[in-house]
Amino acid sequence: MSLQFEIVPVTPFQQNCSIIWCDETKEAAMVDPGGDIHLLKEKVQQLGLTVTKLILTHGHLDHVGGTAPLAKELGIPVVGPHKEDAFWLQGLPRQSEMFGFPLTEAFDPDQWLEDGDTVAVGNQTLSVLHTPGHTPGHVVLYSSEANVAFVGDVLFKGGIGRTDFPKGDYQTLIDSIKGKLWPLGNDVTFIPGHGPISTFGSERASNPFVADEMPLY
């Protein structure tokens, strides 16, 4: 038995919302339900799952826009991100105005996450890594059993998260990737907040921002 996941891209930003579940209990969580909640609910129904929590990697609108209505409708808690992203969640009305999204009200999660915390999904356990840089309160969720990490906007196939937002910092992001993610192992598959899946080993070999040593041509 292990952790399963299915990716549903949502919003005009094509943000990867991950529906993750324990295949033993069929208990599920949604990681970063950014919007299009009708699509997310349809997928959950198709898969025959019971969603018991919503988990947020960080406070940007395209990752959290559907959270409050979903939590209210399903009667479930919101977990994460780290409390350093509280200002992003409190600024959601302004964010929705800036990006032309429907008005998104400010909210706080039921539980902030800290580095070293764990989050249970059925009989599966996710480890929490605090990975600032893209935002100061960004977290990554890692399953050692499934050898998979949900990394939000920290790392992408061939790229890294933007650091030009308030309280973003380039060197902090690089340190988060190399200090927190690489030690998990080259064979870890990661699901980024946008775009295709990759592995840490592949990015260490070829990602121009964080490769171990780029060849000189």
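Heads up: these notes are all about the structure in this document. (Residues numbered from 1 in each chain as written. Predicted model: local features only at pLDDT ≥ 70, side-chain atom pairs only at ≥ 80, totals over all residues. Heavy atoms only, no water.)

**With respect to the overall build of the chain**
Here comes step 1: Tallying secondary structure elements over the chain gives 7 helices and 13 strands in all.
Here comes step 2: Its C-alpha atoms give the chain a radius of gyration of 16 Å, within 12% of the compact-globule value 17 Å for 217 residues.
Here comes step 3: Each principal axis of the C-alpha distribution contributes one length, and for the chain these read about 55 × 45 × 30 Å.
Here comes step 4: A buried classification covers 50% of the 217 residues belonging to the chain.
Here comes step 5: Counting only contacts in the chain whose residues sit at least 6 apart along the sequence, the fraction spanning at least 24 positions is 58%.
Here comes step 6: For the chain, the exposed surface amounts to about 9,400 Å²; the carbon and sulfur share of it is 52%.
Here comes step 7: If you average the places of the 13 positive and of the 27 negative side-chain charges in the chain, the two averages end up 2 Å apart. (Helix = DSSP H or I, 4+ residues; strand = E, 2+ residues; numbered from the N terminus. Rg over C-alpha atoms; globule rule 2.2 N^0.38 Å. Buried < 20%, exposed > 50% of the residue type's maximum accessible area, 1.4 Å probe, protein only. Contact = heavy atoms within 4.5 Å. Areas by Shrake-Rupley, 256 points an atom, 1.4 Å probe, with all protein chains shown as cover. Lys, Arg positive; Asp, Glu negative; His and termini not counted. Charge placed at Lys NZ, Arg CZ, Asp CG, Glu CD.)

**Section: the nonpolar core**
Here comes step 1: In terms of nonpolar packing, the biggest core is built from 23 residues, with I19, M30, L40, V51, L54 and F107 touching the most fellow members.
Here comes step 2: At the level of secondary structure, the elements contributing two or more residues to this core comprise β1 (3–10), β2 (15–22), β3 (27–31), α1 (37–47), β4 (50–55), α2 (61–64) and α3 (67–74).
Here comes step 3: It is β2 that provides the largest number of residues to this core, a total of 3 residues.
Here comes step 4: Setting aside its immediate chain neighbours within four residues, V51 contacts A28, A29, M30, V44, L74 and I76.
Here comes step 5: The next biggest cluster of nonpolar side chains, apart from the first, holds 17 residues, and it includes Y142, A149, I177 and V210. (Core = buried A, V, L, I, M, F, W, Y, C linked by side-chain atoms within 4.5 Å.)

**Let's talk about the sheet that holds strand β13 (residues 198–199)**
Here comes step 1: Spatially, β6-β7-β8-β9-β12-β13 is the arrangement adopted by the 6 strands of the open sheet, whose pairing is mixed. The sheet is open, and its two borders are formed by β6 (118–121) and β13, each paired with just one other strand.
Here comes step 2: Pairing of β6 with strand β7 (residues 124–130) involves 4 bridges; the strand directions are antiparallel. The residue bridging V119 from the neighbouring strand is L126, located in β7. (Pairing = 2+ DSSP bridges.)

**Quick word on the packing of aromatic side chains**
Aromatic ring pairs are described here by two measures, namely the spacing of the ring centres and the angle between the planes.
Here comes step 1: This structure, assessed with the given rule, holds 7 aromatic pairs.
Here comes step 2: Seen from their ring centres, F5 and F150 are 5.7 Å apart, and the 90° between their planes marks the pair as edge-to-face. In this pair, F5 is assigned in strand β1 and F150 in strand β9 (residues 148–152), connecting sequence segments 145 residues apart.
Here comes step 3: Plain terms: the ring middles of F87 and W88 are 5.2 Å apart, the flat faces sit at 35° to each other, and that makes the pair tilted.
Here comes step 4: Of note, K167 hangs over the ring of F87, and the distance from its end group to the ring centre comes to 4.6 Å. (Phe/Tyr/Trp six-rings, centres within 6.5 Å; stacked < 30°, edge-to-face > 60°. Lys NZ or Arg CZ within 6 Å of the ring centre and 35° of its normal.)

**Thoughts on the pairing of β9**
Here comes step 1: With 5 of 5 residues buried, β9 is to be regarded as a mostly interior element.
Here comes step 2: Because side chains alternate across β9, one face comprises the buried residues V148, F150 and G152, and the other comprises A149 and V151, equally buried.
Here comes step 3: Taking the residues between adjacent antiparallel strands as the criterion, strand β8 (residues 139–143) and β9 are bridged by 4 residues, where N147 takes a positive phi near 60°.
Here comes step 4: Strand direction decides the pairing type here: β9 and strand β12 (residues 189–192), joined by 4 bridges, are parallel. By the bridge assignment for β12, G152 is matched with P192.

**Things to note about the packing of α1 against α3**
Here comes step 1: Where α1 contacts α3, the two axes come as close as 11 Å, and the packing angle between them is 45°. The pairing of α1 with α3 is recorded here as oblique in orientation. As for the relative orientation of α1 and α3, their crossing is right-handed in sense. Only P69, L70 and E73 of α3 make contact with α1, whose side of the interface consists of I37, L40 and K41.
Here comes step 2: Its residues assigned to classes, the contact of α1 with α3 shows 4 nonpolar, no polar and 2 charged. (Axes fitted to C-alpha atoms, helices over the stretch in contact; angles between N-to-C directions. Parallel < 35°, antiparallel > 145°, perpendicular 65-115°, else oblique. Left-handed = near helix turned anticlockwise from the far one by under 90°. Nonpolar A, V, L, I, M, F, W, Y, C, P; charged D, E, K, R; others polar.)

**A word on the pattern of salt bridges**
Here comes step 1: One pass over the structure, following the stated rule, counts 7 salt bridges.
Here comes step 2: We note a salt bridge from E73 to K41, for which the minimum N-O separation is 2.6 Å. With E73 in helix α3 and K41 in helix α1, the pair connects residues that are 32 residues apart, well separated along the chain.
Here comes step 3: A relative accessible area of 47% means that E73 is categorised as partly exposed.
Here comes step 4: For K41, a relative accessible area of 30% corresponds to the partly exposed category.
Here comes step 5: Between R204 and D212 there is a salt bridge, with the nearest N and O atoms lying 3.0 Å from each other.
Here comes step 6: In this structure R204 comes out as partly exposed when scored by relative accessible area, which is 23%. (Salt bridge = Lys/Arg side-chain N within 4 Å of Asp/Glu carboxyl O.)

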